[in-house]
Each structure stands twice: as structure tokens, then as C-alpha cells.
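Overview (structure and organization)
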Amino acid sequence: MTAMTAAPTPPPTTPAAPAARPGLRERKKTKTRTAIRDATYGLIREQGYDATTIEQIAERAEVSPSTVLRYFPAKEDIVLTDECAPLLVAELRARPADEPWPDSLRHVFRTGIALGAAAPAPEEPEVTRLRTRLMVEVPAVRTRMTENMARTGRLLRQVIGERTGRAPDGFEVRVAAMSLVGGLTEAALYWAEHGHEDDLGALVDRALDVLDQGLAPGKP
């Protein structure tokens, strides 16, 4: 990560206009997605992940099973929401072009963008803890998480390419992107494996330190 340098500062641009309020159709879709997630997490708390079925989720969310699967192709996808990845990319693109890359990353992650705080439907802390615990305990969720990491990595490669002037599919860019995704994933897993006792933001900072500075010898 330390080898990444910022691209030349582009000419000043006119500030972007505030984002328009989502239309009725988009708001309905968000409401449905939220209802499905809320139903899923409620059932998981009551009876566990494996016992929770798509049919039960649909009944509690008051939608059809086909609607659940239209929004989320698999039950694991309900747990591993991917709405924060596009937000992360947008926030990184909004940072000053001449800002050091590690500073851009630290700003974005520490303001909660990658941790779900700024998602269209912000996660409750209890939900975040449950989700990360499932990532550790449920093999199917862990497998799906690996697939999602690859998709997030592809999004990050575009931003890294823009910031460095490198091809997004180049070897070094791919390594940098997946190192970042892997480091943040390990921060979340470590947090869950240790009973959510640590501060997640501090763990993210430590992960970024390792990626930026390398591993100091002699420390546990």
C-alpha cells in the first residue's frame, strides 16, 4: 500500500449538486429489503441460522418467497449485505486527488462508511454484531463472504486505478485491492471471535497500519 501514489491534481471542478431524493419505486424497494432483513435477523435470533427458511422469512416480512429470492438470491446474501461497498467507492472518489491514499482510506473507514453507519438503512449495533458472528460460525455464510470479497475488490480496483494511473486489472492493483478487502474482513472476524470486546474502529485502524507500514517484528 505504501507504494501507491496520488495522481496529479485535476483542475478544480464545480461542486456536485446534492443527490436527489429517491423516487417512490426506489423507496418501496428499500422498504422491502429492510423488511426482509429485519425478518431474517429476528428469526435467526429466535431459532438459529440453519433452522430459518426462506418461506419463514417471506411470511414474517409479508412478501412471497419469490420476492425474497428476487432481492437476495440466497439466504446468505441477506446476512452479507453489499450496499456499503458502493458507498465506500463513492466516498473514496470524493476525497481530494492529492490526499495520500492511506489518509483517504482511514478517513472513509473511520467515519463509518465501510462499517454500515452510512448505508441507506443504517445497521443497529446488535445487528452488526450478529452478522459478524454468523460470518465466523456459519460455513455457508463464510463461503459467500469470500465471493463477496472478490466483488468488493473489483470495485476498489477501479478507484485504485484512478488514483494511481494504473490499469484496474493490473497485478499490483489487484493485490492492493484484495489486501485491503482481506485486512478489513479479518478485522471484522477478529472482532467477532473475541466477543466484540474491542473497538471495531480501532481494529480497522490497526489493519490499515499493517497494510501501510508492514508487520513490526517481535510483537504478539
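Look up: the structure comes first, before these words.
Residues numbered from 1 in each chain as written. Predicted model: local features only at pLDDT ≥ 70, side-chain atom pairs only at ≥ 80, totals over all residues. Heavy atoms only, no water.

Observations regarding the nonpolar core
So the rule is basically this: Nonpolar cores are built from buried Ala, Val, Leu, Ile, Met, Phe, Trp, Tyr and Cys residues. Side-chain atoms within 4.5 Å join them into one set. Relative accessibility under 20% of the residue-type maximum defines a buried residue, over 50% an exposed one, and the middle range a partly exposed one, all with a 1.4 Å probe and only protein chains included. Starting at the N terminus, helices and strands are each numbered in turn, a helix being any DSSP run of H or I of at least four residues and a strand any DSSP run of E of at least two. Only heavy atoms enter the contact rule, under which two residues are in contact if any of them lie within 4.5 Å.
Ranked by internal contacts, the top residues of the largest apolar core, which has 33 residues, are Leu92 and Phe109. Those elements that provide at least two residues to this core are helix 1 (24-47), helix 5 (84-94), helix 6 (101-110), helix 7 (125-137), helix 8 (139-164), helix 9 (171-193) and helix 10 (200-213). Sorting elements by how many residues they give to this core places helix 9 first, with 8 residues. Beyond its immediate stretch of four places on either side in the chain, Leu92 contacts Trp101, Ser104, Leu105, Val108, Leu156, Val159 and Arg163.

Let's talk about the pattern of salt bridges
As a reminder, the rule being used: The rule for a salt bridge is simple: a side-chain nitrogen of Lys or Arg has to be within 4 Å of a carboxyl oxygen of Asp or Glu.
Taken as a whole, this structure holds 10 salt bridges when the rule is applied. Taking the shortest distance from any N to any O, the salt bridge between Arg45 and Glu126 comes out at 3.0 Å. Remark: Glu126 occurs in helix 7 and Arg45 occurs in helix 1; sequence separation between them is 81 residues. Overall, Arg45 belongs to the partly exposed group, its relative accessible area being 41%. Between Arg93 and Glu162 there is a salt bridge; the shortest N-O distance is 2.8 Å. Taken together, the residues span a long stretch of sequence, with Arg93 in helix 5 and Glu162 in helix 8 at a distance of 69 residues.

Here we look at the environment of Met135
Inspection of the secondary structure assignment puts Met135 in helix 7. Expressed as a C-alpha distance, the spacing of Met135 and Leu80, which sit 55 residues apart in the sequence, is 8.3 Å.

Quick word on the environment of Asp38
Positionally, Asp38 belongs in helix 1. In this structure Asp38 comes out as exposed when scored by relative accessible area, which is 52%. Residues Asp38 and Ile78, 40 residues apart in the sequence, show an inter-C-alpha distance of 9.6 Å.

So, unusual backbone geometry
Residue Glu62 is not a glycine yet carries a positive backbone phi of 60°. Along the chain, Glu62 turns up in the loop between helix 2 (54-61) and helix 3 (65-71). When its relative accessible area of 73% is taken as the criterion, Glu62 is described as exposed. Residue His196 is not a glycine yet carries a positive backbone phi of 55°. Mapped onto the secondary structure, His196 falls in the loop between helix 9 and helix 10. When its relative accessible area of 18% is taken as the criterion, His196 is described as buried.

Quick word on the packing of helix 8 against helix 9
For clarity, the threshold we go by: Lines fitted to the C-alpha atoms define the axes, with helices restricted to the stretch that makes contact. Angles between their N-to-C directions range from 0 to 180 degrees. Under this scheme an angle from 65 to 115 degrees is roughly perpendicular, one under 35 degrees roughly parallel, and one over 145 degrees roughly antiparallel; angles in between are oblique. Crossings are classed by handedness, with left-handed meaning an anticlockwise turn of the near helix from the far one by less than a right angle and right-handed meaning a clockwise turn.
Two elements in contact, helix 8 and helix 9, have axes whose closest approach is 8 Å; the angle formed by their N-to-C orientations is 135°. Considering the angle they form, helix 8 stands oblique to helix 9. Crossing angle aside, the handedness with which helix 8 passes helix 9 is right-handed. Of helix 9, the residues touching helix 8 (which contributes Arg142, Met145, Met149, Ala150, Thr152, Gly153, Leu156, Arg157, Ile160 and Gly161) are Val173, Arg174, Ala176, Ala177, Met178, Leu180, Val181, Gly182, Thr185 and Leu189.

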